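Architecture and fold: a report
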Amino acid sequence: MSLGLRLYLAAARRAGKARVAETAKRLARPAGQLVWLHISAAKDVGFVQGLIQQFAEDMVDVSFLVTTPVGVAEETSFQEGCDQPCLHITAPADTPQAVAIFLDHWQPSVAIWAGSCLRPTLIVETAMRKIPLLMLNAQTCASIKGQPRLGKGIIRSTLGLFDHILASHGFVKTRLVRQGAYARNITIGGQIDDNTPPLFCDDRDRDDMAQTLAARPVWLAAYTCKAEDKLIANAHRAATRLSHRLLLILAPEDAARGAALAKSLASDGWQVAQRSLDQEPDEHVQIYIADTCDEMGLWFRIAPVCFMGNSLSQDATGCFPGAASTLGSAILHGPNVRDFESQYARLDAGNAARVVHDEVELASAVQDLLAPDKAAAMAHAGWEITTSGAEAMERTMAVIYDTLSTRGTM
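Residues numbered from 1 in each chain as written. Predicted model: local features only at pLDDT ≥ 70, side-chain atom pairs only at ≥ 80, totals over all residues. Heavy atoms only, no water.

What the protein chain contains, in helices and strands, is 15 helices and 16 strands. Going through the 410 residues of the protein chain one by one, you find that 54% of them count as buried. Long-range contacts, defined as pairs at least 24 residues apart, comprise 69% of the intrachain contacts of the protein chain with a sequence gap of at least 6. Taken as a whole, the protein chain presents about 17,900 Å² of accessible surface, with 51% of it coming from carbon and sulfur. (Helix = DSSP H or I, 4+ residues; strand = E, 2+ residues; numbered from the N terminus. Buried < 20%, exposed > 50% of the residue type's maximum accessible area, 1.4 Å probe, protein only. Contact = heavy atoms within 4.5 Å. Areas by Shrake-Rupley, 256 points an atom, 1.4 Å probe, with all protein chains shown as cover.)

Written out as structure tokens, the structure reads:
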């Protein structure tokens, strides 16, 4: 252990004494084997979603715990398509006291680190307890708090604690080795941030909804924030001038906003129905509020065109596009998608997504993509890009199972 890491841990211990003790017991620990997955940054959410669903298919007797840094919103989609318990909490503060409480309570069977942003105390304490420690989908050099030059000795010592590291490309492996990782412990696995298994959908619900819509043209606004409500409604009003039967399915990021959103839209003259009230989008409904949880798989299958929300307002950060492109929906999005910049860049470059900057461009794009051939071409391009990581996911799972088998953990 380097001097820098010893000093870091000592400072973290002093910081832990100065703050109120944290508790990791907000949720009860599921019985049996527990797979712990830590997400370094929001861009790794899609990768972990896919990993959990793959794990859940192969191993039915495990549970999952996802930890994320402060600021990464809870994702109900971690549980979608997974019958086993799948919990999501904020990662403990990087102090020995908070980490000990966390590990004592959860007692994970394996620790899977998604991405290369390090939390040294958490990693050191995990390794000291002989918990298998894997870093997967590393796409950049390692860093602490997003700064790769902060504490070179700390990074070097911390990287050496991982049993295995799976890098996305050869140049990433080279950078990690220069930072102190052992070359023998690194495998090049390919980039799989877009490889997300399809969200669950009950075929009966899809058939019923398709029959209700009776071939009406439909577009979806998904994971939208409050600041986008007016823009989306205005874009829909403009789009309906060319297609008066056009239906907007509006799925806010926070389903609890459904009632207030329906009231606001109705006061503006819209004919509105709510999914949470078991109302149907009959021929008179212009906007259908999809304010239920765990049904995004249905809406992406129903709508050939979708606008991915949390991307138009100035403080927006984007939402993961993989679920939409996997299910064959042509994607529109705003310019503010910094948390998923690489994913949207790949889709834009492959003509699988289109950026819009305001309600006028959004309305124009929706009108353009009402032509089935154009929407289908974009959707097919998105599907090809999104599913290209299947082989990389297979290599990832092979590394995990090989490590677990060697260590006799599961």
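We now examine the packing of aromatic side chains. Applying the stated criterion across every chain yields a total of 8 aromatic pairs. An aromatic cluster of three or more residues is present, and its members are Trp 36, Phe 102, Trp 113 and Phe 162. If you follow Arg 184 out to its NZ or CZ, it ends over the ring of Tyr 182, 4.6 Å from the centre. (Phe/Tyr/Trp six-rings, centres within 6.5 Å; stacked < 30°, edge-to-face > 60°. Lys NZ or Arg CZ within 6 Å of the ring centre and 35° of its normal.)

Across the protein chain, pLDDT averages 87, with 90% of residues at or above 70. Predicted confidence in the protein chain is weakest over helix α1 (residues 3–18), with a mean pLDDT of 75, and strongest over strand β13 (residues 287–289), with 98. (pLDDT = per-residue confidence, 0-100.)

Where helix α8 (residues 229–239) contacts helix α13 (residues 359–369), the two axes come as close as 8 Å, and the packing angle between them is 45°. The angle between the axes of α8 and α13 places the two elements in the oblique class. Read as a crossing pair, α8 and α13 show a hand that is right-handed. Residues Leu 231, Ile 232, Asn 234, Ala 235, Ala 238 and Ala 239 of α8 form the contact with α13, whose participating residues are Glu 359, Leu 362, Ala 363, Val 366 and Gln 367. The residue inventory of the contact of α8 with α13, partitioned by class, reads 8 nonpolar, 2 polar and 1 charged. (Axes fitted to C-alpha atoms, helices over the stretch in contact; angles between N-to-C directions. Parallel < 35°, antiparallel > 145°, perpendicular 65-115°, else oblique. Left-handed = near helix turned anticlockwise from the far one by under 90°. Nonpolar A, V, L, I, M, F, W, Y, C, P; charged D, E, K, R; others polar.)

Tracing the backbone shows Asn 310 in the loop between β14 (305–308) and α11 (322–326). Residue classification places Asn 310 among the buried positions, given a relative accessible area of 12%. In terms of polar contacts, Asn 310 uses its side chain to reach the side chain of Thr 317, at 3.4 Å. Setting aside chain neighbours within four positions, we find Asn 310 in contact with Tyr 223, Thr 224, Cys 225, Glu 228, Ala 316, Thr 317, Gly 318 and Asn 336. (Polar contact = N/O pair within 3.5 Å; in protein donor to acceptor, adjacent residues only side chain to side chain.)

In terms of burial, helix α4 (residues 120–128) is a largely internal element, 8 of the 9 residues being buried. Listed in full, the buried residues belonging to α4 are Pro 120, Thr 121, Leu 122, Ile 123, Val 124, Glu 125, Thr 126 and Ala 127. Directly after α4, the chain includes Lys 130, whose backbone phi takes a positive value near 60°.

With respect to the helices, strands and loops of the structure, Pro 335 is situated in the loop between β15 (330–333) and α12 (341–349). Spatially, the C-alpha atoms of Pro 335 and Thr 317 are 9.2 Å apart, while their sequence positions differ by 18 residues. The contacts of Pro 335, once residues within four sequence positions are left out, are Ser 311, Leu 312, Val 355, Val 356 and His 357.

What follows concerns unusual backbone geometry. Among all residues save glycine, negative phi is the norm, and among peptide bonds the norm is trans. In this structure, Tyr 223 is a non-glycine residue whose phi angle is positive, near 55°. With respect to the helices and strands, the residue Tyr 223 is situated in strand β10 (residues 218–224). When its relative accessible area of 18% is taken as the criterion, Tyr 223 is described as buried. Even without a glycine there, the phi angle at Asn 351 is positive, about 55°. Here Asn 351 is to be found in the loop between α12 and β16 (353–355).

Counted residue by residue, strand β3 (residues 86–90) has 4 buried out of 5 residues, so it is predominantly covered. Pairing of strand β2 (residues 62–68) with β3, which is carried by 5 bridges, proceeds in the parallel orientation. The residue bridging Phe 64 from the neighbouring strand is Cys 86, located in β3. (Pairing = 2+ DSSP bridges.)

Under the defined criterion, the tally for this structure stands at 8 salt bridges. The salt bridge partner of Arg 129 is Asp 104, with a shortest N-O separation of 2.7 Å. Placement of the pair is Arg 129 in the loop between α4 and β6 (133–138) and Asp 104 in helix α3 (residues 96–106), with a sequence separation of 25 residues. For Arg 129, a relative accessible area of 35% corresponds to the partly exposed category. The class of Asp 104 is partly exposed, set by a relative accessible area of 45%. Ionic pairing is found between Arg 257 and Asp 229, a salt bridge with its closest N-O pair at 2.8 Å. On the criterion of sequence distance, the pair formed by Arg 257 in the loop between β11 (247–252) and α9 (258–267) and Asp 229 in helix α8 is long-range, its members being 28 residues apart. In terms of burial, Arg 257 and Asp 229 fall into one category: buried. (Salt bridge = Lys/Arg side-chain N within 4 Å of Asp/Glu carboxyl O.)

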